[in-house]
Amino acid sequence: MTSVSGRPRLPYGTGPREFAEALAAFRAVLGDSRVLTDEDIALVGYDDPQPVLGPGHFAPSAALLAGSVDDVRRVLGVARTFGVPLAPALPGRNTGLGGAAPRLPGAVVLDLSGMNRVLEVDETFGYAVVEPGVTFVDLAAHLTARGLPYRVDPVGLGWDSVVGHALATGGLTPYEDGPPLWCGMEVVLPDGDLVRTGMGGLRGSRCGHLWPYGFGPSFDAMFAPLNLGIVTKLGVPLRPAPPHRRTFTVTVPRAEDLGPLVDALRGLRADGTLTEPATVRGVLLDAAAAGRRRDTFPGAPGPVPDSALGPAMADLRLGHWNAYGAVAGSRPVVHAQWSAVRTALAPVAGVRFRLGEPDDGRDTPALWGDAADGWLAHGGHLAVTPVLPGTGADALAQYARVRELVRSAGKDYLGSFVVGPRVLQHHVPVVFDIHDPDDRARALTLCERLVADAAAAGLGIRHAHPALMDRVAQTYAFHGHALRRLGERVKDALDPAGVLAPGAHGIWPRRYRGLRL
């Protein structure tokens, strides 16, 4: 891929001759067909899929297709020799977070999707060991083909990497807020060393994927962002397929009903009545899933007026807020769970309940995209996701503040809340026209304000688009940004050459520190 100037893109700090020598070395390691450069159309897939800073800004200079742990180790060796920055990429279409685009413009993408083997499924204890290229669809197909009694939760995108999703969220179900649910990882360090964590550090370990700890410090969470090491194998617990499972929808008619809705759902999650996360979506997000804004709300530009929400709710047979979840277990358990949901929410005036048809507990992961992308004809979005205490009062306060900021920027609020036992994750997609430079700039400015506003309220952002990573890292400011300084110290110790994912999550190695890229 060429740069916006039309010249071939080079990794930052690498000259043409040095980069040509590095590419030759990468080809010697991987073969010609697994090194993609400017001439390869496929390289376009590694850019920001919804380029908020314009086409090509976060484009890589090349992409390397790894197929094994040895490939990863050898590629890292070449990168260290020539000082070429690498950006690991996993399967998935996290469009609002930049997709596979590297944080450092021009970095070489190390595509791990070819490492796509399900290495083990233990039927007795219910875990799988997978490589980073295994998607939810792959794992579900593997379980189905072998008739194993486990389900793969249909989280967001079925083409998402199981490893990537588990490391990003703590587990396989969406936005888990408990302790990390993976168990045992194999990691290639930036210097090429190969490490197995916890009890996996034993030769012939029998409990490496049964117990997440070992002897001494536990390092697993340190490698979740993939900028201090590359996870090449991960153990993930599987959930037994319930004998009976039914999805449900609960709708409430007024904006202020968000408070009691969240309090009831959090209580049901905390006491174990609901074993799966529930998502509460605003009506405009559901309208976006049903069709573009111009079709649903024709008329003048600017935010959809409140007066138009009532007709939309009637047309979609939904409320102002709509909660989606599932009850699962034996038939008596499902009946009791559903009864508890209805009892908890019955005091909300105008609440409506809808119970879906039974399934066999083995749903196939779905292949849908983000609903917000359908809001505009040439729509893209940036995702901002504050984490807040799981109370109705906090949800209402966050909603009111974010909606005010979004609408004052001339945009529509398309938010949703994922409800856990302790916290809420407020997913705020800021939509923009990808062909309109002014609208892209407005969206980015708004997101920067949302990040700062959340921090002022004591709320942190957990994931960020490359264009927002430094801004988010800057908000974690306790004791002179001690957390970022700790990350930099660890980065410099493990990756002194600064070649692995520089800048990812706001952690820059010494060679790039202080740059504004």
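Shown above is the structure to which this text applies.
Below is a summary of the structure that appears in this document. (Residues numbered from 1 in each chain as written. Predicted model: local features only at pLDDT ≥ 70, side-chain atom pairs only at ≥ 80, totals over all residues. Heavy atoms only, no water.)

1. As for the overall build of the chain
Note the cut-off: Counting from the N terminus, the helices are DSSP H or I runs at least four residues long and the strands are E runs at least two residues long. Radius of gyration here uses only the C-alpha atoms, and the compact-globule reference equals 2.2 Å multiplied by the residue count raised to the power 0.38. Think of it in three bands: with a 1.4 Å probe and only protein chains considered, a residue is buried below 20% of the maximum accessible area for its type, exposed above 50%, and partly exposed in between. In what follows, a contact means two residues having at least one pair of non-hydrogen atoms within 4.5 Å. Here the accessible surface of atoms and residues is derived via Shrake-Rupley with a 1.4 Å probe, and residues count as covered only by protein chains that are part of the display. Only four residue types enter the charge count, namely Lys and Arg as positive and Asp and Glu as negative; His and the chain termini do not. Charge positions come from single atoms, namely NZ of Lys, CZ of Arg, CG of Asp or CD of Glu.
When you go through the chain residue by residue, the secondary structure sums to 13 helices and 20 strands. For a compact globule of 517 residues, the expected C-alpha radius of gyration is about 24 Å, and the chain comes in at 23 Å, within 12% of that figure. Overall size of the chain, expressed as C-alpha extent along the three principal axes, is 70 × 55 × 45 Å. When each of the 517 residues of the chain is scored for burial, the buried share is 52%. Considering only contacts in the chain between residues 6 or more positions apart, those separated by 24 or more positions represent 73%. Carbon together with sulfur atoms contributes 56% to the accessible area of the chain, which is approximately 21900 Å² in total. A distance of 2 Å separates the average location of the 51 positive side-chain charges in the chain from that of its 52 negative side-chain charges.

2. Quick look at the sheet that holds strand β1 (residues 35–36)
Put simply, the test is: In this scheme, strands are said to pair when DSSP sees at least two bridges between them. Every angle, taken between N-to-C directions, lies between 0 and 180 degrees, and every axis is a line fitted to C-alpha atoms, over only the stretch in contact when it is a helix.
Strand order across the open sheet formed by 4 strands is β1-β2-β4-β3, with mixed pairing between neighbours. Of all the strands in the sheet, just β1 and β3 (86–89) have a single pairing partner and so form its edges. Alignment of β1 against strand β2 (residues 60–65), held across 2 bridges, turns out to be antiparallel. In the strand pairing of β2, Val 35 is matched with Leu 64. Its contacts with the sheet place helix α1 (residues 16–30) against β1, β2, β3 and β4 (106–111), and it is angled at close to 15 degrees to β2. Contacts between helix α2 (residues 69–82) and the sheet are confined to β2, β3 and β4, with β3 contributing the most and set at about 155 degrees to the helix.

3. Some words on the sheet that holds strand β5 (residues 118–122)
Spatially, 5 strands are ordered β5-β6-β10-β8-β9 in an open sheet, and the strand pairing comes out antiparallel. In the strand order of this sheet, the two ends are held by β5 and β9 (194–196), each with one partner. Put simply, the sheet's adjacent strands are angled 10 degrees from each other on average, direction ignored. Seen against the sheet, α2 touches β8 (185–188), β9 and β10 (230–237) and runs at an angle of roughly 30 degrees to β8.

4. Some words on the environment of Arg 489
Tracing the sequence through the fold places Arg 489 in helix α13 (residues 478–494). Under the relative-accessibility criterion, Arg 489 is labelled exposed at 62%. Arg 489 sits 256 residues away from Lys 233 along the chain, and the two C-alpha atoms are 26 Å apart.

5. Re the packing of aromatic side chains
The line we're drawing: Only centres within 6.5 Å qualify two rings of Phe, Tyr or Trp (six-membered ring in Trp) as a pair; their planes then separate them into stacked at under 30 degrees, edge-to-face at over 60, and tilted for everything else.
According to the stated counting rule, one finds 10 aromatic pairs in the structure shown. Note on Trp 321 and Tyr 413: the rings are 6.3 Å apart at their centroids and 75 degrees apart in plane angle, and the pair reads as edge-to-face. Taken as a pair, Trp 321 in strand β14 (residues 321–329) and Tyr 413 in the loop between α10 (392–408) and β18 (416–419) lie far apart in primary sequence, 92 residues in all. Across this residue pair, the class does not change: Trp 321 and Tyr 413 are buried. For Tyr 413, a relative accessible area of 8% puts it in the buried group. Aromatic ring contacts, followed pair by pair, group Trp 321, Tyr 399, Tyr 413 and Phe 417 into a single cluster.

6. Quick look at the pairing of β8
Burial along β8 is two-sided: the residues Met 185 and Val 187 and Glu 186 and Val 188 are all buried. When β8 meets β10, the two strands line up antiparallel, connected through 4 bridges. Bridge pairing links Val 188 to Ile 230 in β10. The pairing of β8 with β9 spans 3 bridges and is antiparallel.

7. Overview of the pattern of salt bridges
Rule in force here: One speaks of a salt bridge when a side-chain nitrogen belonging to Lys or Arg is within 4 Å of a carboxyl oxygen belonging to Asp or Glu.
Applying the stated criterion across every chain yields a total of 23 salt bridges. Among the ionic pairs, Asp 439 bridges to Arg 442, the shortest N-O distance being 3.3 Å. Of this pair, Asp 439 and Arg 442 both sit in helix α11 (residues 437–456), 3 residues apart, which is roughly one turn of that helix. For Arg 442, a relative accessible area of 42% corresponds to the partly exposed category. Among the charged side chains, a network of salt bridges with common partners joins Glu 488, Asp 492, Arg 510 and Arg 513.

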